[in-house]
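# Inside the fold
So you can see what is in the structure, the chains are spelled out below.
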Amino acid sequence: MKKQRISLLVPDLRGGGVERVRLLLSREFVAKGHEVDLVLLRKQGALLGQVPPGVRVIDLQANRIREGFWPLVHYLRANRPDAILASMWPLTTLAVLAAKVACFRGRVVLSEHSALSRSPQNGGLSGFALRMSMRWINARADEVIGVSAGVVNDLHALGLPADVGLVVHNPVAISDTNNLPGGWDNHPWVKKSPSQRLLAVGALKPAKDYPTLLTAVKQTLDSGTDVSLLILGAGPLQVALEERCRAMGLEGHVHFGGFASDPAPFYRAAGLFVLSSAWEGFGNVIVEALAAGTPVVSTDCRSGPAEILENGRYGKLVPVADCEALARAIGDSVKEERQAPELLRSRAAFFSVDKIASRYLDLL
């Protein structure tokens, strides 16, 4: 494959799953001999320090998505990359329009990472714009990718033509770090036996449905099974969730660890990873847990978990928002013999960066 200049367009480098995926792809593309521009609306975010060597960061200096239109047009005209990979609507729509205005002749590939029909963006005028853009603008890209079959089906329901859209799963990798950061040695979560340590990783926002998880933990404790939950993540719901814990008497059993730039040692220290989401695009954190050899319990939400866990072969699946079912699955997992770590890691290898990056390069 000839050497290419590839542009990856994202809003910024906040500590989310999409941003981590773009950093993984950037590193792999450079390793395979390509030139990479990481094009950001704003050069900001917790992951800026993790930009791989050799990757050029382009700051469009746009405070809002629509303000990034003309800077992106100018960038495309001046740099003429061979391909641009844009992520997350409405930035995907903006990329198609900017490419047309710039008379861009390279490949335009769009990637959606969530079930947009479940997001607040699918309401009112924003929802109308979403559906119209899927049908009349995004469909004109060279390729439209969904990170799971569920996401692609959701895009079709929003108006993307049935003959457009393909599945490319997210690449997932975790570091080799085993040691927890300094200061964690005496943390109450670490003091528990490994089998009692529950871990959840994800932003503190409605999609993750942490209230259901907290209720499930309360029911697990009430049933006589002692567990301790650590939630890694930050977000707008933290104060409300902390108050909920106090009201439920969970202060000593639920801990908020904040954002972790490297969650790998936490996955390895946990006895069980739990995802309680109401909806997902893919569920990178499930694969990260599998890569650490840690058993998984997840809601069978739209979309991603059932695809990753092969309908329960590699972890337990429970209905969305079902506190009782989630509590039973947690209790059973804590008590029963763990799945072989080698089996879980073998499933995670299906989503290796090398495999997924090669798939992207074929499309770009």
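So, a few notes on the structure that sits alongside this text. (Residues numbered from 1 in each chain as written. Predicted model: local features only at pLDDT ≥ 70, side-chain atom pairs only at ≥ 80, totals over all residues. Heavy atoms only, no water.)

### Let's talk about the pattern of salt bridges
As enumerated under the stated definition, the model contains 16 salt bridges in all. Taking the shortest distance from any N to any O, the salt bridge between lysine 32 and glutamate 28 comes out at 3.8 Å. With a relative accessible area of 34%, lysine 32 lands in the partly exposed category. Its relative accessible area of 18% is what places glutamate 28 among the buried residues. Several salt bridges converge on common partners, so that one network encompasses Lys3, Arg5, Glu35, Asp37 and Arg56. (Salt bridge = Lys/Arg side-chain N within 4 Å of Asp/Glu carboxyl O. Buried < 20%, exposed > 50% of the residue type's maximum accessible area, 1.4 Å probe, protein only.)

### Overview of the layout of surface pockets
The calculated volume of the second largest pocket comes to roughly 330 Å³. What lines the second largest pocket is a set of 17 residues, and nearest its centre among them are Arg20, Leu24, Gln50, Ala173 and Ser261. Of all elements in the fold, only helix 1 (17–31) and helix 10 (284–291) reach the threshold of two or more residues within the lining of the second largest pocket. Per-element tally for the lining of the second largest pocket: the top contributor is helix 1, with five residues. (1 Å grid on protein atoms, 1.4 Å probe; cavity = no way out; pocket = protein on both sides within 12 Å on 5 of 7 lines; lining within 4 Å. Points joined across faces, edges and corners; volume = space filled by probe spheres on them. Helix = DSSP H or I, 4+ residues; strand = E, 2+ residues; numbered from the N terminus.)

### Examining the sheet that holds strand 4 (residues 83–87)
Pairing is parallel across the open sheet formed by seven strands, whose spatial order is 3-2-1-4-5-6-7. A strand with exactly one partner marks an edge of an open sheet, and here the two such strands are strand 3 (55–59) and strand 7 (166–167). Here strand 4 pairs with strand 5 (residues 107–112) via five bridges, running parallel. Bridge assignment links alanine 83 to a residue of strand 5, and that residue is arginine 107. In this fold helix 3 (residues 91–101) packs onto strand 1 (5–10), strand 4 and strand 5, with an angle of close to 170° to the strand it touches most, strand 5. (Pairing = 2+ DSSP bridges. Contact = heavy atoms within 4.5 Å. Axes fitted to C-alpha atoms, helices over the stretch in contact; angles between N-to-C directions.)

### A few points about the sheet that holds strand 10 (residues 254–258)
Taken in spatial order, the six strands make up an open sheet running 10-9-8-11-12-13, and their pairing is parallel. Each edge of the open sheet is held by one strand with a lone partner, namely strand 10 and strand 13 (316–318). Each strand of the sheet is rotated relative to its neighbour by a mean of 20°, with strand direction disregarded. Note that strand 8 (residues 197–201) and strand 11 (residues 272–275) share two bridges and pair parallel. The residue bridging leucine 199 from the neighbouring strand is phenylalanine 273, located in strand 11. On top of the sheet, helix 12 (residues 323–335) reaches strand 8, strand 11, strand 12 (296–299) and strand 13; it is set at about 165° to strand 13, its chief contact.

### Focus on the packing of aromatic side chains
Summed over the entire model, instances satisfying the criterion amount to five aromatic pairs. With a centroid separation of 4.9 Å and 80° between ring planes, the pair formed by tryptophan 184 and phenylalanine 266 is classed as edge-to-face. Separated by 82 residues along the polypeptide, tryptophan 184 in the loop between strand 7 and helix 6 (188–191) and phenylalanine 266 in helix 9 (residues 264–269) bring together distant segments of the chain. According to the relative accessible area criterion, phenylalanine 266 is buried, its value standing at 2%. With 5.6 Å between their ring centres and 70° between their planes, phenylalanine 282 and phenylalanine 351 make a pair best called edge-to-face. (Phe/Tyr/Trp six-rings, centres within 6.5 Å; stacked < 30°, edge-to-face > 60°.)

### What about the packing of helix 2 (residues 69–79) against helix 3?
At a minimum axis separation of 9 Å, helix 2 and helix 3 run at an interaxial angle of 50°. Considering the angle they form, helix 2 stands oblique to helix 3. Classified by chirality, the crossing of helix 3 by helix 2 is right-handed. Of the residues in helix 3, those in contact with Phe69, Trp70, Leu72, Val73, Leu76 and Arg77 of helix 2 are Leu94, Ala95, Leu97, Ala98, Ala99 and Val101. Looking at the contact of helix 2 with helix 3 residue by residue, the classes come out as eleven nonpolar, no polar and one charged. (Parallel < 35°, antiparallel > 145°, perpendicular 65-115°, else oblique. Left-handed = near helix turned anticlockwise from the far one by under 90°. Nonpolar A, V, L, I, M, F, W, Y, C, P; charged D, E, K, R; others polar.)

### Section: the side chain of glutamine 4
Its location among the elements puts glutamine 4 in the segment before strand 1. Residues within four places of glutamine 4 in sequence aside, it is in contact with His34, Glu35, Asp82 and Leu364.

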